[in-house]
Amino acid sequence: CDVLFLFYAGLSTIACFCFFLIGRGLSSNGWVGLVAAGAYSVMPIEITYTAYSPRDISPLWFAAPAWAALACLVGCQTGWIGSMFACLLAGFLAALGLGWRHDALVSVMSVAGLTGPALLFAGRGWAKALGGTVACLLAVLVTRFAIASLCPVIPQGSGVGFHMAS
């Protein structure tokens, strides 16, 4: 039994569940969530990273929880505290990937950049949209600082570029 394979399969399963939550959260329909999870499961990049790539890890595994938090929690929370907590959680989850691979910065920029528009689209108003964006960015900065403090290693260059953006 390969422990690394089980770890990757576990992360892939969590990401698949997150895609279900994203589909359900954006459409308010569980069937759309099932279709999204199914499409993610058979995606070639997911199959490659889960089964055939022992040295690398899928950048989607770090992006999916942040997008799920943004899609589900922002739409459900109407008060200040709930909205800010949802944005803090989305920023924290997006920034977790920076501890593993630095091209997760694409997810961080996307989530942080779309937090305000997501709140505006949900009808929360400009004050909550600005506050949510600041909360998301604050969570990103605190998480990045915590990762750098707990793991004081000189970061290595990517060598592959931001392949997640393509």
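The following paragraphs examine the structure supplied in this document.

### With respect to the packing of helix α6 (residues 105-121) against helix α7 (residues 126-150)
Helix-helix packing is characterised by the crossing angle of the two axes and by the distance between the axes. The N-to-C vectors of α6 and α7 enclose an angle of 160 degrees; their axes lie 7 Å apart at closest approach. Between α6 and α7, the crossing angle belongs to the class labelled roughly antiparallel. Our pair here, α6 against α7, has a crossing hand that is right-handed. Across from V108, V111, A112, T115, G116, L119 and L120 in α6, the residues of α7 making contact are W126, K128, A129, G132, T133, C136, L137 and V140.

### Section: the nonpolar core
In terms of nonpolar packing, the biggest core is built from 21 residues, with V74, C87 and V111 touching the most fellow members. For this core, the leading source of residues is helix α5 (residues 80-96), giving seven residues. Apart from residues no more than four positions distant in its own chain, V74 is found in contact with A69, A86, C87, A118, L119, A122 and R124. Counting 14 residues, the second-largest nonpolar core is a separate cluster that includes C16, A37, Y40 and A64.

### Comments concerning the packing of aromatic side chains
Taken as a whole, this structure holds two aromatic pairs when the rule is applied. On the basis of an interplanar angle of 15 degrees and a centroid distance of 4.4 Å, the ring pair of F19 and Y40 is categorised as stacked. Note that F19 is positioned in helix α1 (residues 3-27) and Y40 in helix α2 (residues 30-41), a separation of 21 residues in sequence.

### Describing a nonpolar patch on the surface
The grouping of L4, F7 and W100 at the surface amounts to a nonpolar patch, some 290 Å² of accessible area in total. Turning to its location among the elements, L4 is positioned in helix α1.

### Here's the deal with the environment of G33
Looking at the secondary structure, you find G33 in helix α2. Counting along the chain gives 16 residues from G33 to F17, while the straight-line C-alpha distance between them is 8.8 Å. Residues in contact with G33, not counting those within four places in the same chain, are F19, F20, G23 and R24.

### As for the packing of α5 against α7
At a closest axis distance of 7 Å, the pairing of α5 and α7 adopts a crossing angle of 35 degrees. Where α5 crosses over α7, the handedness of that crossing is right-handed. Residues W80, S83, M84, C87, L88, G91, F92, A95 and L96 of α5 pack against A127, K128, G131, G132, A135, C136, A139, V140, T143 and I147 of α7. Looking at side-chain class alone, the contact of α5 with α7 contains 13 nonpolar, five polar and one charged residues.

### Examining α1
With 25 residues, α1 extends 36 Å from end C-alpha to end C-alpha; this agrees with the ideal 36 Å at 1.5 Å per step. Following α1 by one or two positions, S28 has its phi on the positive side, about 60 degrees.

### Quick word on the side chain of K128
Within the secondary structure layout, K128 lies in helix α7. Overall, the relative accessible area of 13% leaves K128 in the buried class. Apart from residues no more than four positions distant in its own chain, K128 is found in contact with T78, G79, W80, S83, M84 and L119.

### Considerations on the environment of A69
One can find A69 in helix α4 (residues 60-76). Take A69: its relative accessible area is 7%, and that puts it in the buried class. When sequence neighbours within four positions are dropped, the list of residues in contact with A69 reads V74, L89, A90 and L93.

Reading the values: rules and limits
Residues numbered from 1 in each chain as written. Predicted model: local features only at pLDDT ≥ 70, side-chain atom pairs only at ≥ 80, totals over all residues. Heavy atoms only, no water. Axes fitted to C-alpha atoms, helices over the stretch in contact; angles between N-to-C directions. Helix = DSSP H or I, 4+ residues; strand = E, 2+ residues; numbered from the N terminus. Parallel < 35°, antiparallel > 145°, perpendicular 65-115°, else oblique. Left-handed = near helix turned anticlockwise from the far one by under 90°. Contact = heavy atoms within 4.5 Å. Core = buried A, V, L, I, M, F, W, Y, C linked by side-chain atoms within 4.5 Å. Buried < 20%, exposed > 50% of the residue type's maximum accessible area, 1.4 Å probe, protein only. Phe/Tyr/Trp six-rings, centres within 6.5 Å; stacked < 30°, edge-to-face > 60°. Patch = residues over 30% accessible without salt bridge, like charges linked within 9 Å, V, L, I, M, F, W, Y side chains within 5 Å. Areas by Shrake-Rupley, 256 points an atom, 1.4 Å probe, with all protein chains shown as cover. Salt bridge = Lys/Arg side-chain N within 4 Å of Asp/Glu carboxyl O. Nonpolar A, V, L, I, M, F, W, Y, C, P; charged D, E, K, R; others polar. Expected span 1.5 Å × (residues − 1).

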